[in-house]
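Residues per chain, in single letters:
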Amino acid sequence: MRLLRSGPDPRIEAKLEAERILQQAGEQADREARKRQEEAREQAQAERDQILADVRGARDDLQRAVDRLDRREATLDDRIRSLDDRDSKLQQRGAALDQREAEHDQRLEEVSNLTRDEARTVLFARVELEISDEAGRLVREAEQKAKGEAETRARKIIATAIQRVASEVTTESTVSVVQIPSDEMKGRIIGREGRNIRALEAALGCDLIIDDTPDVVTVSGFDPVRREVGRLSLSRLVADGRIHPTRIEETVAKAQRDVDRIIRESGDEAAIEAHCSGLPREMLDIFGRLRFRTSYGQNQLRHAVETAHIGAMIAQEIHADVEVTRRGSLLHDVGKAIDHDVEGTHAIIGGDLARRFKLSEDIAHCIEAHHDEVEIRSVEAIIVQMADAISGGRPGARRESAERYIERLRALEDIATSFDGVGQAYAIQAGREVRVVVDPREIDDLGAMRLARDISSRSRNRCNTRARSASPSCARPAPPSTRARSPGARRPHGAARPAHA
């Protein structure tokens, strides 16, 4: 039996509710769409109004700029017309002045009995004389001022470098002395009919001097490396007691290997101490030979390291290339290590070595130019030359025999007295300054200045010539400063300041 429901159907009510909700949503979407459309229309209208305002503003600015250009063009036209009028008036005045000048010149020629060219010549001669005197005064003042400032600065830099670097002085010698236990050992060194000493001299390339000096045998030779090999070999043979040609050859070969090892280690240590890493192995092997080389009592390996430090300090002060200066200073005397075997001066030999081992051209130039044997082309080469002179010339660095010292002073005085107008010359301060007495009737103030420079230049050239022609162990003396002075009272005529080389 079926039961019948009474009242509305729920499905129909749900369908009606859904249709009502959809209708409300559609109406709300229409309202929102119309609202957005209205907002977009208002925004577009605002942007259009802004663009129109910007365009009107730009148009006004452009018009104002055009007006300004028109006014400026009108002003320029007025100025051009004014300048044209002024130029016309100036031309008229110039023509009138030319005419008056011609009339004036004609009157002057009639009064002075001189033509225009003759009057100009006389006037120029007087002006030249006045300018010459004034120029001499200005040159002396400028020279004194520049010299004072330069000397103060240079002394500060050099003094600082010298104070920071110092080395010991060793004895310069071309012989090595070997102590032996007794004179009986001399006979064993000589050997039967002299065969042992001949074998030693042939293997070493040095001379053995055996004389009446007790308990001493002398090894003599100009090559310091061979001399060191000889000293070491002979010491070992004496200590061993077995001295015969075969044993001599073995000992000399072993001593040569030991000396080569010392040379290599010395080159490496010097490069590290001078902060010059990366140098070629072959160059360091040659450079280390300077350990056994001295010049005026100064060890050349220590001199090279000292020069590298001084050169680097100076380069830093004047903002030059420090690495080029440091390496050029360290290797500037490397040619002395092989100048017994290679023809040429040690500076040229050193430059060739640097190029052979692929060092930079700047370093090679610093090496070959430090004795002025080639023209100096860089400030680093000048610094290397200065550092070399400072290391060799600082107090206590080198020693000189009395005969050579007196000979150098006399040579400097002879150079000064060879000039015309020089009465007397005195080398003072160990040859670093030459005082010259001149005749004031022959040499005036300007002539004294030129004389001082000429004497300094000739002394420097002579020093360079001696350095190139002397033996490799000789040091180049520094060119002196020159002071020209004429006889008389406090400030005699013809006196000049020292011209420092």
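Criteria and thresholds
Residues numbered from 1 in each chain as written. Predicted model: local features only at pLDDT ≥ 70, side-chain atom pairs only at ≥ 80, totals over all residues. Heavy atoms only, no water. Helix = DSSP H or I, 4+ residues; strand = E, 2+ residues; numbered from the N terminus. Buried < 20%, exposed > 50% of the residue type's maximum accessible area, 1.4 Å probe, protein only. Areas by Shrake-Rupley, 256 points an atom, 1.4 Å probe, with all protein chains shown as cover. Lys, Arg positive; Asp, Glu negative; His and termini not counted. Salt bridge = Lys/Arg side-chain N within 4 Å of Asp/Glu carboxyl O. Polar contact = N/O pair within 3.5 Å; in protein donor to acceptor, adjacent residues only side chain to side chain. Contact = heavy atoms within 4.5 Å. Core = buried A, V, L, I, M, F, W, Y, C linked by side-chain atoms within 4.5 Å. Axes fitted to C-alpha atoms, helices over the stretch in contact; angles between N-to-C directions. Parallel < 35°, antiparallel > 145°, perpendicular 65-115°, else oblique. Left-handed = near helix turned anticlockwise from the far one by under 90°. Nonpolar A, V, L, I, M, F, W, Y, C, P; charged D, E, K, R; others polar.

Identification of the chain as Ribonuclease Y from Geodia barretti is taken from an unreviewed UniProt entry.

A word on the overall build of the chain. A count of helical and extended segments in the chain gives 14 helices and eight strands. Taken over 501 residues, the chain has a buried fraction of 35%. Summed over all atoms, the accessible surface of the chain reaches about 31,500 Å², with 51% contributed by carbon and sulfur.

As a further point, take the side chain of Glu 380. Here Glu 380 is to be found in helix α12 (residues 379–393). The charged side chain of Glu 380 is buried without a salt bridge, its nearest counter-charge being Arg 377 at 10 Å. A distance of 3.0 Å separates a polar side-chain atom of Glu 380 from the backbone nitrogen of Asp 321. When sequence neighbours within four positions are dropped, the list of residues in contact with Glu 380 reads Ala 320, Asp 321, Val 324, Thr 325 and Cys 366.

Here we take up unusual backbone geometry. Even without a glycine there, the phi angle at His 275 is positive, about 60 degrees. As for its placement among the helices and strands, His 275 is situated in the loop between α6 (245–273) and α7 (281–287). With a relative accessible area of 52%, His 275 lands in the exposed category. Not every positive phi belongs to a glycine, and His 319 is a case in point at roughly 60 degrees. Positionally, His 319 belongs in the loop between α8 (300–318) and α9 (322–330).

To continue, consider the nonpolar core. Judged by nonpolar contacts, the single largest core of 32 residues is most densely connected at Leu 279, Met 283, Phe 287, Leu 330, Leu 331 and Leu 353. Mapped by element, the contributors of at least two residues to this core are α6, α7, α8, α9, α10 (346–356), α11 (361–368) and α12. Sequence-distant contacts of Phe 287, defined by excluding residues within four places in its chain, comprise Gly 267, Ala 270, Leu 301, Ala 304, Leu 330, Leu 331 and Val 334. With 25 residues, the next largest nonpolar core counts Val 225, Leu 232, Val 259 and Ile 263 among its residues.

A word on α10. Among the residues of α10, those classed as buried are His 346, Ala 347, Ile 349, Gly 350, Gly 351, Leu 353 and Ala 354. The elements touched by buried residues of α10 are α7 and α11. Phi turns positive, to about 65 degrees, at Lys 358, one or two residues after α10.

Turning our eyes to something else, we now look at the packing of α6 against α8. Contact geometry of α6 with α8 gives a least axis separation of 9 Å together with a crossing angle of 20 degrees. Considered as vectors, α6 and α8 are oriented roughly parallel to each other. Considering only the axes of α6 and α8, their crossing is right-handed. Residue-level inspection shows Ser 266, Ala 270 and Glu 273 of α6 in contact with α8, the latter providing Leu 301, Arg 302, Val 305 and His 309. Taken together, the residues of the contact of α6 with α8 sort by class into three nonpolar, two polar and two charged.

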